[in-house]
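Commentary on secondary and tertiary structure
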Amino acid sequence: IAKARGPIIARMDCDDIAKANRFERQIAFLDTHPDYGVVGSWTETIDGNNDRVRYSGADLPTDHQQFLDRIGRDTMLAHGSVMMRKALVQSVGGYHAAFKHCEDFDLWLRLVAVTKLCSVPERLIQYRIWDGQVSNRHAYVQRVGAGISLAAFAERQAGRPDPTSVLRELPPLEEMDRLFGREGVAKEIRKFAVPNLLYSEEALRAQGFGLLKQFIAEGGNTPGLWRTVLRLVRIGAPVRAADLLFRLCAARFVRHSTG
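Figured I'd write up the structure that's included with this text. (Residues numbered from 1 in each chain as written. Predicted model: local features only at pLDDT ≥ 70, side-chain atom pairs only at ≥ 80, totals over all residues. Heavy atoms only, no water.)

Counting its regular elements, the chain contains 12 helices and five strands. Relative to the 2.2 N^0.38 estimate, which gives 18 Å for 259 residues, the radius of gyration of the chain is 20 Å and therefore close to what a compact globule would have. Counting across all 259 residues of the chain, residues that qualify as buried make up 45%. Restricting the contact set of the chain to residue pairs at least 6 apart, pairs at least 24 apart contribute 68%. When the accessible surface of the chain is totalled, it reaches about 14,000 Å², and 53% of it is carbon and sulfur. (Helix = DSSP H or I, 4+ residues; strand = E, 2+ residues; numbered from the N terminus. Rg over C-alpha atoms; globule rule 2.2 N^0.38 Å. Buried < 20%, exposed > 50% of the residue type's maximum accessible area, 1.4 Å probe, protein only. Contact = heavy atoms within 4.5 Å. Areas by Shrake-Rupley, 256 points an atom, 1.4 Å probe, with all protein chains shown as cover.)

Here it is in structure tokens:
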């Protein structure tokens, strides 16, 4: 970004494909909407063989209010599709190195303070899904980092200092309450992260399972927990499947007993 000579930065992931009219359509939007500093596009999902994949997710926000309504609930922008005004990105400090694998999410949450963001309702990018992509290989780091970024966003919205702004690396999740100076931050982050980690084999085999256990111990509940027992069996982790089943049964018993 620092070396770019033009006023607009166009992002692209190495495994995706841009449609021939992508730049034309997004530049036209930025030219006619000077109050918008970032514009992405809808995507068309493909697999490793360039074949189209049916995608059931909601299309991305096409105005700034829709973008704001999505924060913390669903995908706001497709990172590999965005074009953004260089000066605005630099004015908020650019990408923060601490937020590995979710640096885009953190950047959007800082940019909302100075500009508007949305996507054009056209499928200008073919987004590739495959086993080796970042969102599969680094699901735990990505999702926990996004949760920390949301906590930092809440601090800024409340007029309090953002304790992550000077970090080059994020501390362990267990230190979040101390970092933010209030109790419950780590619990909020676990609540945000767990639903997506249930579908990541990499996360369930590693740190994600410990986070899941703590989430249940804190009384957390989310759709898909019971199906995760079967998922653990299928990926060859029967001991963890039994552990999770025991914890879910114990949590249900406690809820019924206190209810």
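Once you've had a look at it, read on.
Attention now goes to the packing of aromatic side chains. Evaluation of the coordinates by the stated rule reveals one aromatic pair. Both rings, one in F29 and one in Y36, keep their centres 5.4 Å apart while their planes meet at 80 degrees; by these two values the pair is edge-to-face. Assigned by exposure class, F29 and Y36 land together as buried. Over the ring of F192 we find R143; its NZ or CZ atom is 4.0 Å from the centre of that ring. (Phe/Tyr/Trp six-rings, centres within 6.5 Å; stacked < 30°, edge-to-face > 60°. Lys NZ or Arg CZ within 6 Å of the ring centre and 35° of its normal.)

The next subject is the nonpolar core. Counting 58 residues, the largest nonpolar core has W108, M176 and L212 as its most contacted members. Of all the secondary structure elements, the ones that give two or more residues to this core are α4 (103-111), α6 (139-157), α7 (176-180), α8 (185-197), α9 (201-205), α10 (207-217), α11 (225-234) and α12 (238-258). Among the elements that make up this core, the one with the highest residue count is α6 (nine residues). W108 has contacts with V38, F67, M76, L77, H79, V82, M84 and L117, leaving out every residue within four places of it along the chain. (Core = buried A, V, L, I, M, F, W, Y, C linked by side-chain atoms within 4.5 Å.)

What follows concerns the sheet that holds strand β1 (residues 8-10). With mixed pairing, five strands are arranged side by side in an open sheet as β1-β4-β3-β5-β2. Each of the sheet's edge strands pairs with one partner strand only, and the pair in question is β1 and β2 (17-18). Strand direction decides the pairing type here: strand β3 (residues 36-46) and strand β4 (residues 83-85), joined by two bridges, are antiparallel. Directly across from V38, in β4, lies its bridge partner M84. (Pairing = 2+ DSSP bridges.)

Of all the 11 residues making up β3, 11 are buried; the element is thus mostly covered by neighbouring parts of the structure. As defined by bridge partners, β3 adjoins strand β5 (residues 116-128) across 10 bridges and the pair is classed as parallel. For G40, the partnering residue across the bridge sits in β5 and is S119.

Counted according to the given criterion, the structure contains 16 salt bridges. In this structure, K116 and D35 form a salt bridge, with 3.2 Å as the shortest nitrogen-oxygen distance. On the criterion of sequence distance, the pair formed by K116 in strand β5 and D35 in the loop between α1 (22-32) and β3 is long-range, its members being 81 residues apart. Classification of K116 as partly exposed rests on a relative accessible area of 32%. Salt-bridge contacts for E44 lead to R52; the nearest nitrogen and oxygen are separated by 3.6 Å. Bridged by salt links that share partners, the residues E155, R160, R182 and E188 form one connected network. (Salt bridge = Lys/Arg side-chain N within 4 Å of Asp/Glu carboxyl O.)

The subject of this paragraph is the environment of V194. The topology assignment puts V194 in helix α8. Taking the C-alpha atoms as reference points, V194 and D177, separated by 17 residues in sequence, lie 18 Å from one another. The contact partners of V194, leaving out residues within four places of it in the chain, are L211, L212, F215 and T222.

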